[in-house]
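Secondary and tertiary structure notes
Here's the letter readout for the chains.
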Amino acid sequence: MDLECDMPYTPTSTCFDFGPYTPYLVGISDGYIPALEIWPNPSRGILNLQSDRPGTAQLFDIRGIPVTPRWEVQDYRRFDLTGIAGGLYFLRWTSNEGKIFTQKILVQP
């Protein structure tokens, strides 16, 4: 399937088709797909993250500005997002091996 993205294209860009929604460029793919569980999404103030390997997680707004400190995660961590305004955010997971995975997170007011 040939997708068109609204974002600039690079050879390692990944564009996903979300059905009836417009496809978006969401990151650079290096083939790394971690065993991550992130719930609930959308969140009303609490976010749980469980991973198959240790690493760090950080929440960014849609401009790419960090809105939380970098959190250390060993296998499970519960995050308190009650001070974060409602909206769309990106959770960036970085494994201790340096692999990066990004997930959209919706925080409800």
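Our subject in this report is the structure included herewith. (Residues numbered from 1 in each chain as written. Predicted model: local features only at pLDDT ≥ 70, side-chain atom pairs only at ≥ 80, totals over all residues. Heavy atoms only, no water.)

Okay, a nonpolar patch on the surface next. Together, Ile62, Leu88 and Leu106 make up a nonpolar patch on the protein surface, roughly 280 Å² of accessible area in all. Assignment of secondary structure puts Ile62 in the loop between β5 (55-60) and β6 (71-73). (Patch = residues over 30% accessible without salt bridge, like charges linked within 9 Å, V, L, I, M, F, W, Y side chains within 5 Å. Areas by Shrake-Rupley, 256 points an atom, 1.4 Å probe, with all protein chains shown as cover. Salt bridge = Lys/Arg side-chain N within 4 Å of Asp/Glu carboxyl O. Helix = DSSP H or I, 4+ residues; strand = E, 2+ residues; numbered from the N terminus.)

In spatial order, the strands read β3-β4-β7; together these three strands make up an open sheet with antiparallel pairing. Bordering the open sheet on either side are β3 (36-39) and β7 (76-80), each of which pairs with just one other strand. Between one strand axis and the next, the sheet turns through 15° on average, direction left out of account. In this structure, strand β4 (residues 46-51) lies alongside β7, joined through five bridges in antiparallel fashion. Each bridged residue has a counterpart across the sheet, and for Leu49 the counterpart in β7 is Arg77. (Pairing = 2+ DSSP bridges. Axes fitted to C-alpha atoms, helices over the stretch in contact; angles between N-to-C directions.)

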